[in-house]
Amino acid sequence: MTTPPPAVSGVAVPPGGPIRVAVVGLGWAGREIWLPRLAAHPAFEVTALVDPQPAVREAARDTHAVPFAYVDVDDLPAGAADLVVVAVPNHLHAAVAARLLRRGVPVFLEKPVCLASAEAALLADYLRPGGAVLLAGSAARWRAVVRALADAAVALGPIRHVDVAWVRARGVPDAGGWFTRRDLSGGGALVDLGWHLLDTVLPLLGPATRITHAVGSVSADFVNDTAAHAVWRDPAGSAAAAGALRGDGSVGGSRGDVEDTARGFLLTADGASVAVHACWASHEALDRTTITVQGVAGTATLRCTFGFSPNREPTPVLTRTRDGETVTLPLPAEPIGTEYDRQLDALPGLLTAPASRGAAVAEAHRTIDIIERIYRTARPTEPEREHALAGQRDR
């Protein structure tokens, strides 16, 4: 699926002229989300592309009139970009970002920022005083509906529990590609969808909230079921990228070894709890995201769909319940993908804000610590051989 055309931002060009940007990694996220938006945004000028696949690299270069393209990030000349957007496969995120930060180049890194606490510590080492800034791509918190939920939660008093779930009907990404290979992705639905969910719920609890306990379970009933694959994604591009990473260009016959479903339960130091449910495929009819915040003074629930899937809830709904009465709260209209435009609108200011230094790594460290703890308590995934959905649905 090709994402909707990016909106033309009303943000002014920075005083020193557009920020020169290099995009590293032209898989689905780099090619469909970031490159078109950067090319259309007045605050940025895409000056270089980096990707190991010649055909993908040259096609993107021609489409967006980018002057330079390189095979490897180390080929990027010094001073060629003011910012590098990194959208490589998961297992390369921290390593590529560290190579750039070591050179003093500011980095905007797609989620997941890292796949282990040790990687977060490595990135922090390059953010010492005087080093380049690291910013994190994190779409969920920039959604207008999530901001509306956060505003509603303020009136709920102390938060006692948050229930957050992203359940897809059929949305296992990139059959045969790196997403379903643990050595390349770091995990399945928990790393992919769960990162977004944690990035949504942790700010609701407050930046100083400490997670004292994290347990969970995982399962893999759908990951190798062809009926459960996300047909709206472009598997060819990501599958080819996985082949390029192996050095042989092949992807055929690869079986996934990650979970398609993860459930976690968290406890905070002040007694609040969080239930997390991340699911690539299920027996549901639609892809849905639900977030319920239970406070002393009431409950707020958001029902919508994160991401780009066309198989989504038709209209986001936010409700608040107090003393047995439920009311529907207003929500702004928001085209799919607007949250990514908002991130780009904010980037120029974040690049120079003192508060940005170290913030992304600190947040990533907390998130990956939770994910690691859930994985440690969960039984190992054993992907089912039988097709869980085959023959049951024809849409």
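Residues numbered from 1 in each chain as written. Predicted model: local features only at pLDDT ≥ 70, side-chain atom pairs only at ≥ 80, totals over all residues. Heavy atoms only, no water.

1. Details of the side chain of Asp-51
Reasoning step 1: Structurally, Asp-51 is set in the loop between strand E2 (44-50) and helix H2 (54-64).
Reasoning step 2: One buried charge, Asp-51, has no salt-bridge partner; the nearest side chain with opposite charge is Arg-57, at 5.6 Å.
Reasoning step 3: At 2.9 Å, the side chain of Asp-51 forms a polar contact with the backbone nitrogen of Gln-53.
Reasoning step 4: If sequence neighbours within four positions are ignored, Asp-51 has contacts with Gly-25, Leu-26, Gly-27, Val-56, Arg-57, Tyr-70 and Val-71. (Helix = DSSP H or I, 4+ residues; strand = E, 2+ residues; numbered from the N terminus. Buried < 20%, exposed > 50% of the residue type's maximum accessible area, 1.4 Å probe, protein only. Lys, Arg positive; Asp, Glu negative; His and termini not counted. Salt bridge = Lys/Arg side-chain N within 4 Å of Asp/Glu carboxyl O. Polar contact = N/O pair within 3.5 Å; in protein donor to acceptor, adjacent residues only side chain to side chain. Contact = heavy atoms within 4.5 Å.)

2. What about the pattern of salt bridges?
Reasoning step 1: One pass over the structure, following the stated rule, counts 16 salt bridges.
Reasoning step 2: In this structure, Arg-37 and Asp-341 form a salt bridge, with 3.2 Å as the shortest nitrogen-oxygen distance. Taken together, the residues span a long stretch of sequence, with Arg-37 in helix H1 (residues 28-40) and Asp-341 in helix H9 (residues 338-352) at a distance of 304 residues.
Reasoning step 3: Looking at Asp-341, the relative accessible area reads 10%, which means it is buried.
Reasoning step 4: A salt bridge links Glu-58 to Arg-61; the shortest N-O distance between them is 3.8 Å. Placement of both Glu-58 and Arg-61 in helix H2 is noted, with a separation of 3 residues, approximately one turn of the helix.
Reasoning step 5: With a relative accessible area of 31%, Glu-58 lands in the partly exposed category.
Reasoning step 6: Assessed through its relative accessible area of 27%, Arg-61 is described here as partly exposed.
Reasoning step 7: Each of the salt bridges in this network shares a partner with another, and the network as a whole consists of Arg-57, Glu-58 and Arg-61.

3. Digging into the sheet that holds strand E5 (residues 107-109)
Reasoning step 1: In space, the 6 strands of this open sheet follow the order E3-E2-E1-E4-E5-E6, with parallel pairing throughout. Only two strands of the sheet have a single neighbouring strand rather than two, namely strand E3 (68-70) and strand E6 (134-136). For this sheet, the mean angle separating the axes of adjacent strands, direction not counted, is 25 degrees. (Pairing = 2+ DSSP bridges. Axes fitted to C-alpha atoms, helices over the stretch in contact; angles between N-to-C directions.)

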